[in-house]
Amino acid sequence: MNDHITITGGIPLTGCVSLGGYKHSSVLLTNATMLLSQSMSTLNNVSKTKDIVVLVNLAKNLGCAMQIIDNALFVNADNLTYRELPDEILSSVHGSIYLMPVLLARLGVAPLFSPGGCKIEGRSEKNVLDVLVGMGAIINPDKRRLEAPRGLTGTNFNLGNLFPMSSRAGATKTALLAGSLACGITEIRHPYLRQEIF
């Protein structure tokens, strides 16, 4: 096994490389498609990562029709329904955490679980839960789920006062997803601005 890399420069580069879509956008947009009812969504140039494969399987278990053909994801979430999902699958990737705001916004109920993925400082379900509770969700620890029987309510969030910068990405994404179907206006001050968000 080599313990070094040798690069010889000065040679013109030629060829063609096909790049997959930005992983974080694919995860957020895949979750966002489940907010829609009575329509078909198509996401092109989707990166086929473990997060996406797991999300597609979770969505199918929740009644969505999802299919990846080449690099396109086709979604019909008309029949989205709440079902108990296995913790080991929910907790296997980080992107599944955004099912919480989607299911709460559409159905008024979502599973309560800890996300998987890389253990990054500031990344936890607490940030997601704080935003959802701020919008009217109730944590039901006995049933291990979140409930919003009267729906979610738009809220003003000053994320700069609520979360350190390292925690704002999840809070921003949660507020965007949940706020899209919440009653009223959701305002997010000091959001975490990343490529997948804007």
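Below you will find a few notes about this structure. Remember, it's a predicted structure, so these values are computed and weren't measured experimentally. (Residues numbered from 1 in each chain as written. Predicted model: local features only at pLDDT ≥ 70, side-chain atom pairs only at ≥ 80, totals over all residues. Heavy atoms only, no water.)

## Side note on the overall build of the protein chain
Phase 1 of the analysis: Check the secondary structure of the protein chain and you find seven helices and eight strands.
Phase 2 of the analysis: Residue burial in the protein chain is summarised as follows: out of 198 residues, 43% are buried.
Phase 3 of the analysis: A separation threshold of at least 6 residues defines the contact pool for the protein chain, and within that pool the share at least 24 residues apart is 66%.
Phase 4 of the analysis: In the form shown here, the protein chain has an accessible surface area of approximately 11000 Å², with 54% of it arising from carbon and sulfur atoms. (Helix = DSSP H or I, 4+ residues; strand = E, 2+ residues; numbered from the N terminus. Buried < 20%, exposed > 50% of the residue type's maximum accessible area, 1.4 Å probe, protein only. Contact = heavy atoms within 4.5 Å. Areas by Shrake-Rupley, 256 points an atom, 1.4 Å probe, with all protein chains shown as cover.)

## Quick word on the sheet that holds strand β2 (residues 65-69)
Phase 1 of the analysis: Taken in spatial order, the three strands of this open sheet run β1-β3-β2, and their pairing is antiparallel. The sheet terminates laterally at β1 (40-43) and β2, the two strands that pair on one side only. Strand after strand, the sheet turns through a mean of 15° between neighbouring axes, direction not considered.
Phase 2 of the analysis: Here β2 pairs with strand β3 (residues 72-76) via five bridges, running antiparallel. Across the sheet, residue I69 finds its bridge partner in β3, namely A72.
Phase 3 of the analysis: Against the sheet, helix α1 (residues 23-33) touches β1, β2 and β3, its axis set at about 175° to β1. (Pairing = 2+ DSSP bridges. Axes fitted to C-alpha atoms, helices over the stretch in contact; angles between N-to-C directions.)

## Notes on the packing of helix α4 (residues 99-107) against helix α7 (residues 168-179)
Phase 1 of the analysis: Relative orientation of the contacting elements α4 and α7 amounts to 20°, with a least axis distance of 8 Å. Comparing the axis directions of α4 and α7 gives the class roughly parallel. Here the hand of the crossing between α4 and α7 comes out right-handed. Residues P101, V102 and A105 of α4 pack against T174, L177 and A178 of α7.
Phase 2 of the analysis: Tallied by class, residues from the contact of α4 with α7 come to five nonpolar, one polar and no charged. (Parallel < 35°, antiparallel > 145°, perpendicular 65-115°, else oblique. Left-handed = near helix turned anticlockwise from the far one by under 90°. Nonpolar A, V, L, I, M, F, W, Y, C, P; charged D, E, K, R; others polar.)

## Section: the environment of S37
Phase 1 of the analysis: When you line up the elements, S37 lands in the loop between α1 and β1.
Phase 2 of the analysis: In sequence terms S37 and N79 are 42 residues apart; their C-alpha atoms lie 8.0 Å from each other.
Phase 3 of the analysis: Discounting chain neighbours no more than four positions away, the residues touching S37 are D78 and R106.

## A look at the pairing of β3
Phase 1 of the analysis: Relative to β3, β1 is paired through four bridges, and the arrangement is antiparallel. Among the inter-strand pairings, S41 is bridged to a residue of β3, identified as V75.
Phase 2 of the analysis: Joining the antiparallel neighbours β2 and β3 is a turn of two residues, in which D70 adopts a positive phi near 55°.

## A few points about unusual backbone geometry
Phase 1 of the analysis: One non-glycine residue with positive phi stands out, namely R144, at about 55°.
Phase 2 of the analysis: One can find R144 in the loop between β5 (138-140) and β6 (145-147).
Phase 3 of the analysis: Even without being glycine, H190 reaches a positive phi, approximately 55°.

## Brief notes about the sheet that holds strand β4 (residues 109-111)
Phase 1 of the analysis: Read across the open sheet, the three strands follow the order β4-β6-β5; overall the sheet is antiparallel. Across the chains shown, the open sheet's two edge strands, defined by having one partner strand only, are β4 and β5. Along the sheet, successive strands turn relative to each other by an average axial angle of 25°, direction set aside.
Phase 2 of the analysis: Here β5 pairs with β6 via three bridges, running antiparallel. Along β6, the bridge assignment pairs N140 with R145.
Phase 3 of the analysis: α4 rests against β4 and β6 of the sheet, and its axis sits at about 155° to β4.

## Comments concerning the pattern of salt bridges
Phase 1 of the analysis: Considering all chains together, one arrives at four salt bridges under this definition.
Phase 2 of the analysis: Measuring nitrogen to oxygen at the nearest pair gives 2.6 Å for the salt bridge that ties D130 to K126. On the criterion of helical spacing, the pair formed by D130 and K126 is a turn pair, its members being four residues apart in helix α5 (residues 125-134).
Phase 3 of the analysis: Here E187 makes a salt bridge to R189, at a shortest N to O gap of 2.8 Å.
Phase 4 of the analysis: Of the residues examined, E187 reaches a relative accessible area of 32% and is grouped as partly exposed. (Salt bridge = Lys/Arg side-chain N within 4 Å of Asp/Glu carboxyl O.)

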